[in-house]
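Examining the three-dimensional arrangement
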Amino acid sequence: MEFELKTIEALAPDQASLSAASKLTKRSNWPRLEKNEQQALIWGECQGSGSNPYRVVVDTGDHGYKCTCPSRKFPCKHTLALMWIAATAPASFAAAESSPEWVNDWLGRRRKTSPPPVQPIEGAAAKSIDEAARTDESAAAEDVAAVERREAAQRKRAEDTRQAVSAALDELDQWIADQLRLGLSGFVDASSDRCRRIAARLVDMKATALAGRIDEIPSRLMALRSEEKPDAAIRELGKLVLLAKAWRAAPDDPELKRLVSTSETREQVLASPDARQVESFWEVLGEKIESRRDGLVSHSTWLLDLKSTTPQFAVLLDYFPASAGRRSNAFAPGDRFDARLVFYPARKPLRALVAERMGEVMSGAWPDFSLGATKDPLAGHASYQDAAPWITDCPLLLPPGAILVDDRGTGWWQAADDPQGIALPIAGAVNQTLLGLDLAATAALWDGARLDLLAAQSGFGRLDLS
Amino acid sequence: MNESEQTGLATMRDCWITGGATFDLAPTAWKTIAGGTSPDEQERRLLAIAAQALDVALRPAPPKTLKRRPPLPRLALPMLPERLRPLLRAALKHAADARRKTRVVTLVASRGFVLHPMDWMPVAPDQNSPDVYAPWIDWQASLDGERQAPQEKLTAENWDEFYPAARRIALADMRRSEPASARLLVEAKASGEPAEVRLALIELMRFGLNPEDAPFLKSLSADRSGKVRELAGRLLARLGEHGRSNDGGEGDPAAELAAFISEGKSGFIRRRRIYTPAKLKSPAQEKRRAELFETCNLVDLAARFNATEPEFIGAWQFGADNNADILIARMVAASGSDAAVTHMADALVADGGKPALFVLHLTPRLDSRRKRALVRLILKQANYLNAINLAEGIDAGWLEWDDLSNGSALAALRSAVAENDNAMRRGADEILETIGFLATATTAAKLIDEVVAAGMPPAAPSLSVLRLNAALAEHQSRTDT
């Protein structure tokens, strides 16, 4: 496993990539660094700017590489950083007997070619690893006046944004009133065009996050039966009214700002004194990767806190451009790890970042949350709605139950001890095998109309349902 | 939410659907919250309250017709250990079709494990899965879920209490141990079953087929289903019974087929009879000959030449006409007696060369020993290594390292792996997958090392079955110690 800095310099697409890679060479950015000398492979997981870690593997023999980040630079800064660590601190890599499944997947897909000689590419002369390493250290201290000017400009920008968003919400209010006046039946039929138009206006007026949410309303309605759509439209539009009112009451509230305009950066969340931190064992319940109408792909990884006495969840949420192509999953469902998570400040914190990963945890059954004692399986949902009524998808851990089917083939979850009681319809097609299994506990997302299954525990062990 | 609020919400909902103001329809408490502002703002406030009420206070109404399936039965073998499931899933993912997936399942069953139901489930009328999966096949097929497969012996009285797959397995076992009792059962019950089930039941008669079955099989010549009649005719032919008129007149297909075959003599001292396919003059003739081979029985054809089945097969000149050779091999497999089948297999395997590959058509009727001999021969010759992928019904996990290393198979595989030619590599991939199923765990582990040394990436998907095979043994040895 030998890497020369010259090789990295030659491979780097530009100086900016090298500089960015230099900042990622800190050991703390890499919760996992491993190597297999027999296979001439090094790999690692880099905690980048996203919530989900990026997985990077490099073939030290022919300098082939793969990273799960959406960058269009090849190799990306994560790959360069991994090579850089291999060149300067090879002892950081723990020897692994076998390579993990995601590395094997990559190996299986690629065809090995004879290693091309690493030639300095055009413009390579302008790249220098020394300069990249220096950039970090030599960040010149700004003078006080410059800092003040920058902060003043920031304040002005924030004020401008607030005014633009306020105007955007006025337009949204008017638009909602128009939909009610014209009739929701017409709205349901023409939701695609109508939502697109108002979403475009909201983007222009800096209410970007809200625009993205409105853009998704048509596809949420489409997933329902026609008789359910008016109720769903009432729920969707009503939640928008609530969110707009809440923002007007507290425009600086971080949760509301995140839902209406833009989200905080990773650094801001990590530095926030209001951000709750939880160190625990986490299990990956499942992942949801959805293409959105605004050209982004949302990638959410749902986690369950295994040390908590009541069901506590976290979601690692990332967005990346759909044009970046299909991304490999960051985690495999069922993975367990010991980590400190920092939650984005919210009334019911769900979205989180992995601040520090301490290692893997043995698999096993979920803790006993005494779910049988709760009569209402939607009690968790009600609690989320009481605190933050604009939330659309609430994670739930359902008590012992089973999946049943109706005449139309739709699956329904029903509690085991209450066959006449509440039943929750399941989103999408149900795996027929699931109909014969008793589910001791089921993790799912409830959006007010459908249950999106994530995982379950059964007599046949853990079931991956996402 | 009280009753008046529910009624108010329903009326407001109807009004919003068509369009219009709902303030006057709202429950009093809601009016208090929403009132005192502009009409648009009132509507928005009411909408927010309604949204919250729909989300929290109302529950979905399940239809009364919700159906629960019976619990998935536990199988007789333990579940594949969690640790090996990623390897299994990789092997299943790589297996391109149902037949190959079933091979993976068979390999795992041969090592004493069953799969997790979320990884693989047999399809309802599946007759190729290992017998241990019968309860799942029946679970898949059952809609009412009322019956429970009983553990006692199958009889005419408890016939209906067995699910089809369990019944099929019980009958097949019975045919092996008590063929007469099984036949009597089929005789008593088959006529009441639909044609498809009847065909599957008659098909079981091939286990332990003996002359005592002939009267029953003859009685099926009046069956309503053409497929059943044809199958019964084939089974009778295996017993040496002539199925069709043998008068040689017009309309006798065996006579017509015989005209496509030339009889001659060979050898200087001991002149012996030989049969060679006659030269064909047109595609129409070729087509007709193929049809005749498919409809005629070997016993009738041999009789046209006054020969017994083994005599006829022994005198057939394999290698003269490839198409004719394939057709005769299929005919032997379908209607030849056991003696004809074994005679053909033994003779061709002993002679080796390309004609031995025609034995592949006979594999469904060969015993385990002969099937293994054929696989060993294919590996030893290595000229037609791809033919190993065609072998059917062969046991899993018996191929030893010597079987691979004695001939040229290993060298051929190594060079195919090292080649830059994609077609060669793909061919090698398929062979490795098949050997992954046939090999012992030790052989599988050694073969992985060999091909990786030859240049195959260690994690190549084509090694997935071999990896699973090797890992299954590791697990067994761990649990043994």
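These figures come from a predicted structure and were not determined experimentally.

Rules of the game
- Residues numbered from 1 in each chain as written.
- Chains lettered and ligands numbered in written order.
- Predicted model: local features only at pLDDT ≥ 70, side-chain atom pairs only at ≥ 80, totals over all residues.
- Heavy atoms only, no water.
- Core = buried A, V, L, I, M, F, W, Y, C linked by side-chain atoms within 4.5 Å.
- Buried < 20%, exposed > 50% of the residue type's maximum accessible area, 1.4 Å probe, protein only.
- Contact = heavy atoms within 4.5 Å.
- Pairing = 2+ DSSP bridges.
- Helix = DSSP H or I, 4+ residues; strand = E, 2+ residues; numbered from the N terminus.
- Axes fitted to C-alpha atoms, helices over the stretch in contact; angles between N-to-C directions.
- Polar contact = N/O pair within 3.5 Å; in protein donor to acceptor, adjacent residues only side chain to side chain.
- Phe/Tyr/Trp six-rings, centres within 6.5 Å; stacked < 30°, edge-to-face > 60°.
- Lys NZ or Arg CZ within 6 Å of the ring centre and 35° of its normal.
- Domains from an automatic or database assignment.
- Buried area = accessible area lost by both parts, 1.4 Å probe.
- Salt bridge = Lys/Arg side-chain N within 4 Å of Asp/Glu carboxyl O.
- Nonpolar A, V, L, I, M, F, W, Y, C, P; charged D, E, K, R; others polar.
- Parallel < 35°, antiparallel > 145°, perpendicular 65-115°, else oblique.
- Left-handed = near helix turned anticlockwise from the far one by under 90°.

1. As for the nonpolar core
Nonpolar side chains in soluble globular proteins tend to be buried together. Leu451(A), Leu301(B), Phe312(B), Ile328(B), Ile435(B) and Leu447(B) are the most contacted members of the largest nonpolar core, which has 124 residues in total. The contact partners of Ile328(B), leaving out residues within four places of it in the chain, are Phe293(B), Leu301(B), Phe312(B), Ile313(B), Trp316(B) and Phe318(B). Residues Ala168(A), Tyr384(A), Ala441(A) and Ile49(B) belong to the second largest nonpolar core, which totals 69 residues.

2. A word on the sheet that holds strand S1 (residues 32–36) of chain A
Residue and element names in this part refer to chain A. Here we have 5 strands laid out as an open sheet, ordered S4-S3-S2-S1-S5, and mixed in their pairing. If you trace the sheet from one side to the other, it starts and ends with strand S4 (65–67) and strand S5 (94–95), each paired once. Sheet topology places strand S3 (residues 54–59) next to S4; 3 bridges connect them, and they run antiparallel. What sits directly across from Val 57, in S4, is Lys 66. Set on the sheet, helix H3 (residues 77–88) makes contact with S1, strand S2 (41–46), S3 and S4; between it and S3 the angle comes to about 55°. The sheet strands contacting helix H4 (residues 101–109) are S1, S2, S3 and S4, and the helix crosses S2 at an angle near 125°.

3. Looking at the side chain of Asn210(B)
Residue and element names in this part refer to chain B. By the secondary structure assignment, Asn 210 is in the loop between helix H9 (195–203) and helix H10 (214–219). Judged by its relative accessible area of 18%, Asn 210 falls in the buried class. Only 3.0 Å separates the side chain of Asn 210 from the backbone oxygen of Gly 208, close enough to count as a polar contact. A distance of 2.9 Å separates a polar atom in the side chain of Asn 210 from the backbone nitrogen of Glu 212. Setting aside anything within four residues of it in sequence, one finds Asn 210 in contact with Pro 179 and Leu 239.

4. Things to note about the environment of Gly411(A)
Residues and elements named next belong to chain A. In this structure, Gly 411 sits in strand S13 (residues 411–415). Taking C-alpha positions, Gly 411 is 14 Å from Leu 439, a pair spaced 28 residues apart along the chain. In this structure, Gly 411 is in contact with Ile 403, Leu 404, Val 405, Leu 424, Pro 425, Ile 426 and Val 430, ignoring residues within four places of it in sequence.

5. Digging into the packing of aromatic side chains
If you walk through the whole model with that rule in mind, you get 11 aromatic pairs over all chains. Ring centres 6.4 Å apart and planes at 55° place the aromatic pair Trp282(A) and Phe343(A) in the tilted group. You can see Trp282(A) sitting in strand S6 (residues 277–291) and its partner Phe343(A) sitting in strand S9 (residues 336–343), a full 61 residues away along the chain. Exposure class is identical for Trp282(A) and Phe343(A). Each is buried. Counting every residue linked through ring pairs, the aromatic cluster contains Phe460(A), Trp120(B), Tyr133(B) and Trp136(B). Over the ring of Tyr384(A) we find Lys348(A), and its NZ or CZ is 5.2 Å from the ring centre. A cation sits over an aromatic face here: Arg351(A) above Tyr344(A), 4.4 Å from the ring centre.

6. Considerations on the pairing of strand S1 (residues 261–266) of chain B
Residue and element names in this part refer to chain B. Sheet analysis places S1 next to strand S2 (residues 272–277), joined by 6 bridges and oriented antiparallel. In the strand pairing of S2, Gly 264 is matched with Ile 274. Here S1 hands over to S2 after 5 residues, with Gly 267 in that stretch at a positive phi of 95°.

7. Some points on the domain arrangement of chain A
All names here are of chain A. When cut into domains, chain A gives domain 1 (5–137), domain 2 (144–260), domain 3 (266–360) and domain 4 (371–464). The centre of domain 3, based on its C-alpha atoms, is set 22 Å off from the matching centre of domain 4. With 13 residues of domain 3 in contact, the opposing surface of domain 4 contributes 18 residues. Taken together, both faces of the contact between domain 3 and domain 4 bury some 1,400 Å²; the carbon and sulfur share is 70%. The interface formed by domain 3 and domain 4 holds 2 salt bridges in total. The shortest N-O distance in the salt bridge between Asp 452 and Lys 288 comes to 2.8 Å. For the side of domain 3 that touches domain 4, the element with the highest residue contribution is S6, accounting for 5 residues. Residue classes in the side of domain 3 that touches domain 4 are distributed as 7 nonpolar, 2 polar and 4 charged.

8. Structural notes on the packing of helix H4 (residues 85–94) of chain B against helix H5 (residues 98–110) of chain B
Residue and element names in this part refer to chain B. One way to put it is that H4 packs onto H5 with a least axis distance of 8 Å and a crossing angle of 150°. As the angle between them shows, H4 and H5 are arranged roughly antiparallel. The two elements H4 and H5 cross, and the hand of that crossing is right-handed. Residues Leu 88, Ala 91 and Leu 92 of H4 lie in contact with H5, whose contacting residues are Lys 101, Val 104 and Val 108. Among the residues forming the contact of H4 with H5, the class breakdown is 5 nonpolar, no polar and 1 charged.

9. Re the interface of chain A and chain B
Each partner contributes to the interface: chain A provides 62 residues, whereas chain B provides 50 residues. Taking both sides of the interface into account, the surface hidden between chain A and chain B amounts to around 4,700 Å²; carbon and sulfur atoms contribute 61%. Linking chain A with chain B are 7 salt bridges. Note that Asp438(A) is salt-bridged to Arg68(B), the shortest N-O span being 2.6 Å. On the surface where chain A and chain B come into contact, there are 18 residue pairs in polar contact (both at pLDDT 80 or more). Per-element tally for the side of chain A that touches chain B: the top contributor is helix H11 (residues 229–249) of chain A, with 10 residues. Looking at side-chain class alone, the side of chain A that touches chain B contains 29 nonpolar, 17 polar and 16 charged residues.

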